[in-house]
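The lines below spell out each chain.
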Amino acid sequence: MKFLEKTIIQLDVEVKSPEDAIMKAGQLLLKDGLVEPSYVEAMKQAYNKNGPYFVLAPQIAIPHARPEDGVNEAAVSLVQLKEAISFGHAINDPVRLVFGLGASSSAEHLTLLRKLTTLLNDPQNIEQLLEATTIDEVQKTIRNGEMTR
């Protein structure tokens, strides 16, 4: 399981659309072999079919697809957007933090969501992730967030 490790975090990313943001988060998982290309495509299709259901909090999106769509190893990536983008969510738009989630089972899905929720329940952690200019700063926030559990 890979949770916001250095190789699957990208900061200050420019995107033109929600699909582009989803693709960037998925590509981080893809380049590390954590998911198949079909999974990234399924993430975009889920958004196009179901709308912005994964924009779960102000400024935060957690796109994902089904395990059978091509997950090799459970993981969460992070793309911090340079400019916030609207996903079409009535309350939580615009989004600047896109967490790509891939899980190969329901249990893994819940474990990853629990870890993310623990991190994101603290408004200070969200602020630090939004303001981070280096991956080391992001990693420090994640470590601190895990210690407060």
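Structure: see above.
What comes next concerns the included structure.

This part covers the overall build of the chain. Tallying secondary structure elements over the chain gives 5 helices and 5 strands in all. Each helix and strand of the chain, placed in order from N terminus to C terminus, yields the pattern β-β-α-α-β-β-β-α-α-α. Scaling as 2.2 N^0.38, a compact globule of 149 residues should have a C-alpha radius of gyration of about 15 Å, and the chain matches this with 14 Å. Each principal axis of the C-alpha distribution contributes one length, and for the chain these read about 35 × 30 × 25 Å. Within the span of the chain, comprising 149 residues, buried residues form 48% of the whole.

Turning our eyes to something else, we now look at the nonpolar core. One broad trend across soluble globular proteins is that nonpolar side chains are buried collectively. In terms of nonpolar packing, the biggest core is built from 27 residues, with Phe54, Val79, Leu81, Phe87 and Val98 touching the most fellow members. Mapped onto this core, the elements with two or more residues apiece are helix H1 (18-31), helix H2 (37-50), strand E4 (75-85) and strand E5 (95-102). Those residues in contact with Val79 that lie beyond four places of it in its chain are Gln10, Val13, Lys24, Ala25, Leu28, Arg96, Leu97 and Val98. Counting 23 residues, the second-largest nonpolar core is a separate cluster that includes Ile60, Leu116, Leu130 and Ala132.

To continue, consider the environment of Gly100. Along the chain, Gly100 turns up in strand E5. C-alpha separation for the pair Gly100 and Ile8, spaced 92 residues apart in sequence, amounts to 9.3 Å. The contact partners of Gly100, leaving out residues within four places of it in the chain, are Ala25, Leu29, Met43, Pro63, Ala75, Val76 and Ser77.

With that settled, the discussion passes to the side chain of Asp20. With respect to the helices, strands and loops of the structure, Asp20 is situated in helix H1. In terms of polar contacts, Asp20 uses its side chain to reach the backbone amide nitrogen of Lys16, at 3.1 Å. Excluding residues that lie within four positions of it along the chain, Asp20 makes contacts with Glu14 and Val15.

Now for H2. Taking 1.5 Å of rise per residue, 14 residues should cover 20 Å, and H2 covers 20 Å from first to last C-alpha, within 8% of that figure. Residues of H2 that are buried: Tyr39, Val40, Ala42, Met43, Lys44, Ala46 and Tyr47. Residues of H2 that are buried make contact with H1 and E5. Of the residues flanking the end of H2, it is Gly51, one or two places downstream, whose phi is positive at about 80 degrees.

Across all of its chains, the model carries 5 salt bridges by this definition. The salt bridge involving Glu68 is made with Arg66; its shortest N-O contact spans 2.7 Å. Here Glu68 matches Arg66 in class, with each residue exposed.

About the cut-offs
Residues numbered from 1 in each chain as written. Predicted model: local features only at pLDDT ≥ 70, side-chain atom pairs only at ≥ 80, totals over all residues. Heavy atoms only, no water. Helix = DSSP H or I, 4+ residues; strand = E, 2+ residues; numbered from the N terminus. Rg over C-alpha atoms; globule rule 2.2 N^0.38 Å. Buried < 20%, exposed > 50% of the residue type's maximum accessible area, 1.4 Å probe, protein only. Core = buried A, V, L, I, M, F, W, Y, C linked by side-chain atoms within 4.5 Å. Contact = heavy atoms within 4.5 Å. Polar contact = N/O pair within 3.5 Å; in protein donor to acceptor, adjacent residues only side chain to side chain. Expected span 1.5 Å × (residues − 1). Salt bridge = Lys/Arg side-chain N within 4 Å of Asp/Glu carboxyl O.

Any link to function would need more than the numbers given here.
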